Amino acid sequence: MSRKVVPGPITGLNFTIDRTASRHGQKIVWIHGEFGEFGQLPFDEKFLESSDLISIHLPGWGLSTGIELFDKIDELAGAMWWAVEQETSEPVILAGHGLGAAIAVEMAIAQPRATVGLVLSNPFGIFNSDYPGCDIFALMPRDVAGHLYFDTSGPLYLQHFPASDDAYERGLISIKRVEVLGAASRFIFPIPDTNIVRRSYRLAGKKMTILFGEKDGAVPPRLATDWAKSFPQAKIVTVQNTAHMTPYESDSLTDELIVMLGDIGPA
Amino acid sequence: MKFTYFHLMPFDGLPEDFTSKYRSVWVDIPSEVQDVRRIHTLYNDYLDELEYAAVKGFDAIGVNEHHSNAYGLMSSPNMMGAALARRITDTKAQLLVMGDAVSLYNPPIRVAEELAMLDVLSGGRLITGFPLGSSQDANFAYGVKPATMREQHREGFDLVMRAWKEKDVFSHNGRFTKLRYVNPWPKPLQQPHPPVWMPGSGSVETMDFAVEIDSPFFLLSYFGANFAEGMFKKYWERVELAGRDDNPYRTGMVQIVLVADTDAEAKRLYEKHVQYFYQRCTHIYPGFTEAPGYKTVRSLKEVLPAKGSKVKSRPDSFAAAQKYSWEELVEFGIVIAGSPDTVRERLEAAGRKSKIGNWVLLMHIGSLPRELAMYNIDLFTEKVMPGLTSVFTEHPHNWWPKPIDNFAPSKVSHVMRKDQS
């Protein structure tokens, strides 16, 4: 995996981009979720070794900068395409988690011809007040954990949100939460509805796989019905024993990407 | 020193088991707790108290804005200001609206219009305040995005100021508001505009903003001047750095003040009402108090504890105050209460120490009944205030309504009813 920082087209905008060593096959663009990247890609090593995966860090989440330039998700999607174009001019599979999935959809809506397909995990973007999900912006970490993680006492949770007796360390963790959710609030606050439904026609027939976590309290799996209405071609997968952190709690994201790569065939 | 009688207009009917039964007094408090008939009485009692405070000689009376809560029933400060404007014309009291959180109004020109109306209606007595707005109100009750609300607040504030000052119609092409024609009618009576005070809860950005626009900084804290010393120290450093003078009227602070004949009597009269406030009215779900992005990373880093610290929670927090006894609340200066001498000494000491020229006093608190609030007003205006009004008189108050050239206020008289002689 190599990392580079690409100065953006606007002053203050800088993209940090990670890319796997392989330069063969269909290119995949990965966009992390609203809680950030946690310093790890949610794919297994073997997959990363054999795939051409481009991970673009969202501005405002600690590595890339310039979030203050964007008020709307379509503005950010435009800038994300600019970052993709620094790596490749070929059509790509867009994959994302949570807010990253909503951004991936927005990018695909903007440039459907540059999008081969989408693999979305626990996507924000469609809201139903009958099953609104928890308010990730209001809930305190102790209260939101059960909505995000299938096992809140397991190693994954402790790795993502390490406990500390040191008030200073706890303060830094709290500040990090403010930083990433503050950035996310620009696009999915107060309601995570990005008007995808009204523009879904742009993706008619486009290959799409959507994963939901069985116990996801932030993006309720019941939303699968709503997504299926707007995207009848989508393959819906509900992943057992996962909550909102499905890509980190299971191998299902990798598995579904492999399936899509197989469907598409050689690039 | 200048004194404002300030009101939150709290709901006094929260049940004893409120904190165990309900998550929060703000944002998602259920309507089953409401008693609208009681609120009718409270509104009228509270307006009477404010009017009485004006009659008794307070320098100003003050109203504020909160939403979706039982802590303060004023969702529209301007509406309450309007109810008061015609009732204080025979007093010397000014009208403090502190204030309108401009980012909640779309377009913010509505704030410019309503405040101008209030200024004209009151005969140029208006003092304005432009808080950012609490996170509970702005983010959760009104849906303003926390990450951009400071920019939105600044844009709205600048628009209001320009709308008041500009002689000609102009266009506003902002990031958050676009108006082809900006032309509020009427303009304020005070020209170029009424005094502007800048309230904040401690973010460095608000202090910097106040210094930048040469406006008094008001600390909206419920934990007293002792805990605020560090905050004021930071503020005065900024004032000095900006090359401005150290006029104490550049600062203000909210303070709970409760006066009785003796210190012991103060405890007997007020304790349960203060406990009602700190235990029920401020029972706010912590997640509602600071939406991520509401405070900047810069401000949060300013209050990071030292490395290795084991502190669990701050002593100047609602969580801590919920557990304080009356004696602790008084000892820590969270509440200034006691005999007239005690209250006068403490206010003067706190004012001199941090150079606080303006006191925005909460003298109705929690479930305090009307007659006790009136008693508190009587004792304060008769036995405390006279000993303090001369403090800081060597400094000009540059942020106070001033007489207006060629203007004589209309005489307000009650319209006679048919059945009255």
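Residues numbered from 1 in each chain as written. Chains lettered and ligands numbered in written order. Predicted model: local features only at pLDDT ≥ 70, side-chain atom pairs only at ≥ 80, totals over all residues. Heavy atoms only, no water.

1. Comments concerning the environment of A:G33
For the record, the criterion: Going along the chain from the N terminus, every DSSP run of H or I of four or more residues is numbered as a helix, and every run of E of two or more is numbered as a strand.
With respect to the element layout, A:G33 can be found in the loop between β3 (27-31) and α1 (45-50). Distance from A:G33 to A:A184, taken between C-alpha atoms, is 9.0 Å for residues 151 residues apart in sequence.

2. Notes on the confidence of the model for chain B
Under the convention used in this document: Every residue gets a pLDDT, meaning the predictor's confidence in that residue, from 0 to 100.
Of all residues in chain B, 100% have pLDDT values of 70 or greater, and the mean over the chain is 95. For this predicted complex, the interface confidence reaches an ipTM of 0.94, while the overall pTM sits at 0.94.

3. Structural notes on the packing of aromatic side chains
Aromatic ring pairs are described here by two measures, namely the spacing of the ring centres and the angle between the planes. Residues and elements named next belong to chain B. Let me state the cut-off plainly: Side-chain rings of Phe, Tyr and Trp (the six-membered ring for Trp) are treated as a pair once their centres are within 6.5 Å; stacked means planes under 30 degrees apart, edge-to-face means over 60, and tilted covers the remaining angles. Burial classes: relative accessible area under 20% of the type maximum marks a residue as buried, over 50% as exposed, and values in between as partly exposed (1.4 Å probe, protein chains only). Lysine NZ or arginine CZ positioned within 6 Å of the ring centre and within 35 degrees of the ring normal marks a charge as sitting over the ring.
Evaluated as defined, the whole model comprises 34 aromatic pairs over all chains. For the pair Y5 and F58, a centre-to-centre distance of 5.5 Å together with 70 degrees between the ring planes defines the contact as edge-to-face. Placement of the pair is Y5 in strand β1 (residues 2-6) and F58 in the loop between α2 (36-55) and β2 (60-63), with a sequence separation of 53 residues. Owing to a relative accessible area of 2%, F58 belongs among the buried residues under this scheme. Grouping aromatic residues by their ring pairs yields a cluster made of W26, Y71, Y222, F223, F277, Y278 and F318. Above the face of the Y181 ring, R180 is positioned so that its terminal group lies 5.5 Å from the ring centre. Stacked on the ring of F392, the Lys or Arg R352 has its end atom at 5.8 Å from the ring centre.

4. Description of empty space enclosed by the protein
Residues and elements named next belong to chain A. This is how the line gets drawn: The pocket and cavity definitions rest on a 1 Å grid over protein atoms only: a 1.4 Å probe that fits but cannot leave marks a cavity, an open set with protein on both sides within 12 Å along at least five of seven lines marks a pocket, and residues lining either have an atom within 4 Å of a point. Grid points are joined across faces, edges and corners, and a volume is the space filled by probe spheres set on the points. The residue classification treats Ala, Val, Leu, Ile, Met, Phe, Trp, Tyr, Cys and Pro as nonpolar and Asp, Glu, Lys and Arg as charged. All others, Gly included, are polar.
Evaluation of the coordinates by the stated rule reveals 2 cavities of 30 Å³ or more. Of the voids in this model, the largest cavity is the one considered here, and its volume is about 60 Å³. Contributing to the lining of the largest cavity are F35, P141, V144, A145, L148, Y157, F161 and R177. With 4 residues, the single largest contributor to the lining of the largest cavity is helix α4 (residues 141-148). A class-by-class count of the residues in the lining of the largest cavity yields 7 nonpolar, no polar and 1 charged.

5. Comments concerning a negative patch on the surface
Here is the rule we go by: A patch consists of residues exposed above 30% relative accessible area that lack any salt bridge, with like charges linked at up to 9 Å and nonpolar side chains (Val, Leu, Ile, Met, Phe, Trp, Tyr) linked at up to 5 Å. The method behind every accessible area is Shrake-Rupley, applied with a 1.4 Å probe, and residues are considered shielded solely by the protein chains displayed. Here a salt bridge means any side-chain nitrogen of Lys or Arg lying within 4 Å of a carboxyl oxygen belonging to Asp or Glu. Lys and Arg are tallied as positive, Asp and Glu as negative. Neither His nor the chain termini are counted. Just so you know, the charge point we use is NZ for Lys, CZ for Arg, CG for Asp and CD for Glu.
The grouping of A:D44, A:E45, A:E49, A:D251 and A:D255 at the surface amounts to a negative patch. Residue position: A:D251 is located in the loop between α8 (246-249) and α9 (252-264).

6. Re the nonpolar core
The criterion, for reference: In these notes, a set of buried Ala, Val, Leu, Ile, Met, Phe, Trp, Tyr and Cys residues joined through side-chain atoms within 4.5 Å is what counts as a nonpolar core.
Counting 209 residues, the largest nonpolar core has B:F130, B:Y278 and B:F380 as its most contacted members. The element best represented in this core is helix α3 (residues 99-110) of chain A, accounting for 9 residues. The next biggest cluster of nonpolar side chains, apart from the first, holds 16 residues, and it includes A:W30, A:A95, A:V239 and A:L253.

7. A few points about the interface of chain A and chain B
Put simply, the rule is: Residue contacts are defined here by distance: any two heavy atoms, one from each residue, within 4.5 Å place the two residues in contact. The term buried area refers to how much accessible surface (probe radius 1.4 Å) is lost by two components on association, counted for both of them together. Pairs of N or O atoms are called polar contacts if they sit within 3.5 Å, as long as, within protein, a hydrogen donor faces a hydrogen acceptor (for residues adjacent in sequence, only side-chain-to-side-chain pairs).
Each partner contributes residues to the interface: chain A has 29 residues there, and chain B has 32 residues. Together chain A and chain B conceal approximately 2,300 Å² of surface at their shared face, both sides included; 63% is due to carbon and sulfur atoms. Contact with chain B buries area across many residues of chain A, yet A:Y168, A:I175 and A:F189 alone supply 27% of it, more than any other trio. The interface formed by chain A and chain B contains 1 salt bridge. B:R175 is the salt-bridge partner of A:D71, the closest N and O atoms lying 2.4 Å from each other. Counting the contacts that link chain A with chain B gives 8 residue pairs in polar contact (both at pLDDT 80 or more). Looking at the side of chain A that touches chain B, the elements that each hand over two or more residues are α4 and α6 (167-188) of chain A. With 14 residues, α6(A) is the single largest residue contributor to the side of chain A that touches chain B. A per-class count over the side of chain A that touches chain B returns 15 nonpolar, 3 polar and 11 charged.

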